[in-house]
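# Chain and residue survey
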Amino acid sequence: MTGVISPRLALTDISKRYPGVVANDGISLKVFPGEIHALLGENGAGKSTLMKIVYGVTKPDAGTILWENRYQNINSPAEARRLGIGMVFQHFSLFETLTVAENIALALDRRIKPVLLAEQIRDVSVRYGLPIDPRRLVHSMSVGERQRVEIVRCLLQTPKLLIMDEPTSVLTPQAVLTLFETLRRLSAEGCSILYISHKLDEIRALCDTATVLRGGRVSGRAIPAKESNQSLARMMIGADLPECRLMENTIGEVRIGIQRLSLRTEDPFGTTLKDINLAVHSGEIVGIAGVSGNGQKELLAALSGETIVAQPQSVLIDGHPAGRLNPAQRRHLGLSFVPEERLGRGAVPPMSLSYNALLTGSRRGMLRSGIVRKAIMRAFARNVIDLFKVKCNQEYSAASSLSGGNLQKYIVGRETLLQPRAIIVAQPTWGVDVGASMLIRQALIDLRNRGVAVLVISEELEELFMISDRIAVLAQGRLSQPVLLSDTSVEQIGQWMSGQFDTIESEREENELVPA
Amino acid sequence: MYRLEKRPQPSAVMRVVSPLLAAVAMLVTGFVVFTLLGKDPAQAFYVFFIKPINTSYGFGELLLKASPLILCGLGLALCYRANVWNIGAEGHLTLGAITGGGVALWLGDSTSLFALPLMLLAGALGGAAWGAIPAWLRNRFHTNEILVSLMLVYIAQLLLSYLVHGPWRDPAGYNFPQSKAFGEAELLPMLIQQTRVNGSLVLALVLAGASWFFSEKTFAGFRLQVAGLAPAAAAYAGFSEKRNVWLVMLLSGASAGLAGVCEVAGPIGQLQASISPGYGFAAIIVAWVGRLHPLGVVLGGLLMSLLYLGGEAAQMQLALPSAVTGLFQGVLLFYLLAADIFINYRLRNTATATPPNAAPSSTEAGV
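Keep in mind it's a predicted model, so treat the numbers as computed, not measured.

## Digging into the overall build of chain A
The helix and strand tally for chain A stands at 17 helices and 23 strands. Against the globule reference of 24 Å for 516 residues, chain A gives a C-alpha radius of gyration of 24 Å, in line with a compact fold. Seen through its principal axes, chain A has C-alpha atoms that stretch 75 × 55 × 40 Å. Here chain A holds 516 residues, and 55% of them are scored as buried. For chain A, the share of sequence-separated contacts (at least 6 apart) that also reach a separation of at least 24 residues comes to 66%. For chain A, the accessible surface area stands at approximately 21700 Å², while carbon and sulfur atoms represent 51% of it.

Structure follows, in structure tokens:
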């Protein structure tokens, strides 16, 4: 950068505190025209808060925003858009029953004739390599396609600064590459990009500069291309990235069996499961990769018992037909389950941690003829808290008062201490900081080493490659054949994630006689 | 400028203070209403809230009317804790009166010691049966229990009306729509001399204790609470929603049915076309004012009972319409729901917060 160019956006000493937590503490950063600037940090480091301030969603308590050399209060997203700031959120805000064009029209600040709008959408989507059909209904689109809609929606406003909040968490590796091309093209045209992520490889591949946040403060500034993953991680978490290792392990009998599981969804926007077969043995971790929305929710519910399956033989737990059993009965057979949503499903938010132990642990001596034995319940909760280093006041703390990572540690710990014969874990480290992630992954590996069958469903390929013995892919309601980790690669799994594993399916085709 | 701000954690203090705030706001509203109606507020308040319970007889009336409110309120509190929106306690109460009263009429002038227990049992079963209908329809056909339980109230009332106008009418009753008076053995024993307080008060208090034990100590009570607080967590844990619906509807039906039979075996002493001034509906407010907690329901029942007495007194001595009771009941619930926002939110003065953008410093521009 030469001295002549002034920054497009300059933040100085931005602070924002919420009741009980300082989200941003004196953060400064500058973004120049055409720069792809990474905002790197763990969950809870304050990245999202800072971006919401830039986009006018929240107001800072202190600090100044300099936009194109002028001091600016950004009071609303509409004002931010007027200035030329666009933002693609991590969680999309699209109406599934409307078309692409209708969704975009709703979000525009000015009115455009529908015909013209459709044309503009086509123009922009072709120009930036984001093919979408404006007439398509959103519910029929994959998550990657929905993201394109969000991006096109921003591009229609010809932004000078585009904020992308964790954009790749929902994409296949191939789609990530496509997205990067689009972003590079935008930057070449002079658009600045603020790229929020905690994925080090991506940032090193894409971004020109990086500001690293830790605990609400700037903990480092770097040129990612000149850094290693280790050095970036040290800035981000203040320590080296810990590693998990899988040792050789002997594999035993099948503990979780899925046989010809087909399940028609009742949800109009759900996914129908088609002829799913899988065997998870004692002493192994099987990972299921795939972009969410491809049947993960439905498969998990069918395995946990929250959805009852017609054929008892479709789901086998420790050899017992379990298709028609409810979750409590399946738990009695030795199945533990960690759901994707922690608050409200894995835990009851306003209840204390000890009562949350009772939620699934009632069979472990916490009851005597229907009366709750509180001393035993509390002791169990304390045990979980100690063993899994859950940060909380005491076992009396409400589940809702814990951070996401701590609550996840508590839930994983609870399900682990129930001494399962098999455990199913959905998105084990979703929104969890690095330290807690490692502890959770290690807990799953320990279970495997003790001879428990572990099934992990995760969106994070990196994670699955770290902890799985075998890996399978769920795409469009079909499950691929599981493969040994040594026999596959990220590229192959990525390809399967878009549903291209026909060869494996057709081998089994002659057996497909089970009615849905 | 004051602004509502979400609390980091729900306030336990406000949970208790909110009903008190609501009661104070209700009194203030009453003050305004009395003034607008041209009554001396001080005298009106005295007539409404003090005079009815000034005497031991009056205080007895307070306890007497509180009993059915507590009985109905306990059952409804269980329902609401489990997210089952039963508003049909009035119907359960009516059916309890019909079945319990029917047993009394069938026994005639029996002097058996078992007469009264048998009536109470019949009343509880009658109420539970009426509660079973919305439970079954919801579990089987996903009907809405709010509508079904409410509509069943009117069916129960018409059934009672039919019975006292027709088959169960006292032949010696000068054609009045009422049954024969119950025998001595079929009436609840009096508790306190010179008042009308009867055994239903003991029943209500015992059931309040039982309800507390059930909610606080048992796994079944825990399951209900989980279902109410986080339905997805209940499904995840494998707590059957249908079983919960059955349980709370049967229990609340039974306790409201007891309230009904206690009314006809107590102060009324026979079956009439109308046996309740809306206790079953007022109990909805009792349950919420009582924070769905058994002890709270007892206190809420007493407050609501006072509103009934005050309303009667206001009619007689201040020549105010009977709607004044309903007015106070409604206003109380209204203020309670409004005050409850302070459990999760607090008021903050935004004027004291520092303005976000201070003056620009000269070192910044251009790099």
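Picking up after the structure, the text goes on.
## A few points about helix α14 (residues 434–449) of chain A
Helical periodicity: at 3.6 residues per turn, an α-helix aligns residues three or four positions apart in one direction. Residues and elements named next belong to chain A. The end-to-end C-alpha distance of α14 is 22 Å, a good match for the 22 Å that 16 residues give at a rise of 1.5 Å each. Taken together, the buried positions of α14 are V434, A436, S437, M438, I440, R441, A443, L444, I445, L447 and R448. Those residues of α14 hidden inside the fold are in contact with α8 (229–237), β13 (285–289), α13 (404–417), β19 (422–426), β20 (453–457) and α15 (461–467). Where α14 ends, the next residue or the one after it, G451, has phi of about 95 degrees, a positive value.

## Observations regarding the environment of A44 of chain B
Residue and element names in this part refer to chain B. You can see A44 is positioned in helix α2 (residues 41–50). Residue A44 is classed as buried on the basis of its relative accessible area of 0%. Expressed as a C-alpha distance, the spacing of A44 and L201, which sit 157 residues apart in the sequence, is 29 Å. Leave out the neighbours within four places in its chain, and A44 touches F34 and L318.

## Digging into the interface of chain B and chain A
Taken together, the 33 residues of chain B in the interface contact 44 residues of chain A. On inspection of chain B and its partner chain A, the count reaches zero salt bridges. Inspection of the chain B/chain A interface yields nine residue pairs in polar contact (both at pLDDT 80 or more). Looking at the side of chain B that touches chain A, the elements with two or more residues in it are β1 (2–6), α7 (200–217), α8 (219–229) and α9 (231–237) of chain B. In terms of residue class, the side of chain B that touches chain A is made up of 19 nonpolar, eight polar and six charged.

## Considering the pattern of salt bridges
A full pass over the atoms with the stated rule returns 25 salt bridges over all chains. One salt bridge connects E341 of chain A with R345 of chain A, and the closest N-O pair in it is separated by 2.6 Å. On the basis of relative accessible area, R345 of chain A is assigned to the buried category, the value being 13%. Residues E61 of chain B and R196 of chain B are paired through a salt bridge, measuring 2.9 Å at the closest nitrogen-oxygen approach. Taken together, the residues span a long stretch of sequence, with E61 of chain B in helix α3 (residues 56–81) and R196 of chain B in the loop between α6 (145–165) and α7 at a distance of 135 residues.

## Comments concerning the packing of aromatic side chains
Taken as a whole and judged by the stated rule, the model has 21 aromatic pairs over all chains. Both rings, one in F49 of chain B and one in F328 of chain B, keep their centres 5.8 Å apart while their planes meet at 90 degrees; by these two values the pair is edge-to-face. Taken together, the positions of F49 of chain B in helix α2 and F328 of chain B in helix α13 (residues 323–339) put the pair 279 residues apart, joining distant regions of the chain. The same class applies to F49 of chain B as to F328 of chain B, namely buried. Cluster of aromatic residues (ring-pair linked, three or more members): F31, F34, F45, F48, F49 and F328 of chain B. Of note, R331 of chain A hangs over the ring of Y236 of chain B, and the distance from its end group to the ring centre comes to 5.1 Å.

## Regarding the sheet that holds strand β3 (residues 36–41) of chain A
Residue and element names in this part refer to chain A. As summarised here, the arrangement of the six strands in space is β6-β7-β8-β3-β9-β10, forming an open sheet in which the pairing is mixed. Strands with a single pairing partner mark the edges of an open sheet, and in this sheet they are β6 (85–88) and β10 (217–222). Across this sheet, the average inter-strand angle for adjacent strands is 20 degrees, counted without regard to direction. Helix α1 (residues 47–54) rests against β3, β6, β7 (161–165), β8 (192–197) and β9 (209–214) of the sheet, and its axis sits at about 140 degrees to β3.

Definitions and cut-offs
- Residues numbered from 1 in each chain as written.
- Chains lettered and ligands numbered in written order.
- Predicted model: local features only at pLDDT ≥ 70, side-chain atom pairs only at ≥ 80, totals over all residues.
- Heavy atoms only, no water.
- Helix = DSSP H or I, 4+ residues; strand = E, 2+ residues; numbered from the N terminus.
- Rg over C-alpha atoms; globule rule 2.2 N^0.38 Å.
- Buried < 20%, exposed > 50% of the residue type's maximum accessible area, 1.4 Å probe, protein only.
- Contact = heavy atoms within 4.5 Å.
- Areas by Shrake-Rupley, 256 points an atom, 1.4 Å probe, with all protein chains shown as cover.
- Expected span 1.5 Å × (residues − 1).
- Salt bridge = Lys/Arg side-chain N within 4 Å of Asp/Glu carboxyl O.
- Polar contact = N/O pair within 3.5 Å; in protein donor to acceptor, adjacent residues only side chain to side chain.
- Nonpolar A, V, L, I, M, F, W, Y, C, P; charged D, E, K, R; others polar.
- Phe/Tyr/Trp six-rings, centres within 6.5 Å; stacked < 30°, edge-to-face > 60°.
- Lys NZ or Arg CZ within 6 Å of the ring centre and 35° of its normal.
- Pairing = 2+ DSSP bridges.
- Axes fitted to C-alpha atoms, helices over the stretch in contact; angles between N-to-C directions.

All we've got here are geometric facts, nothing functional implied.
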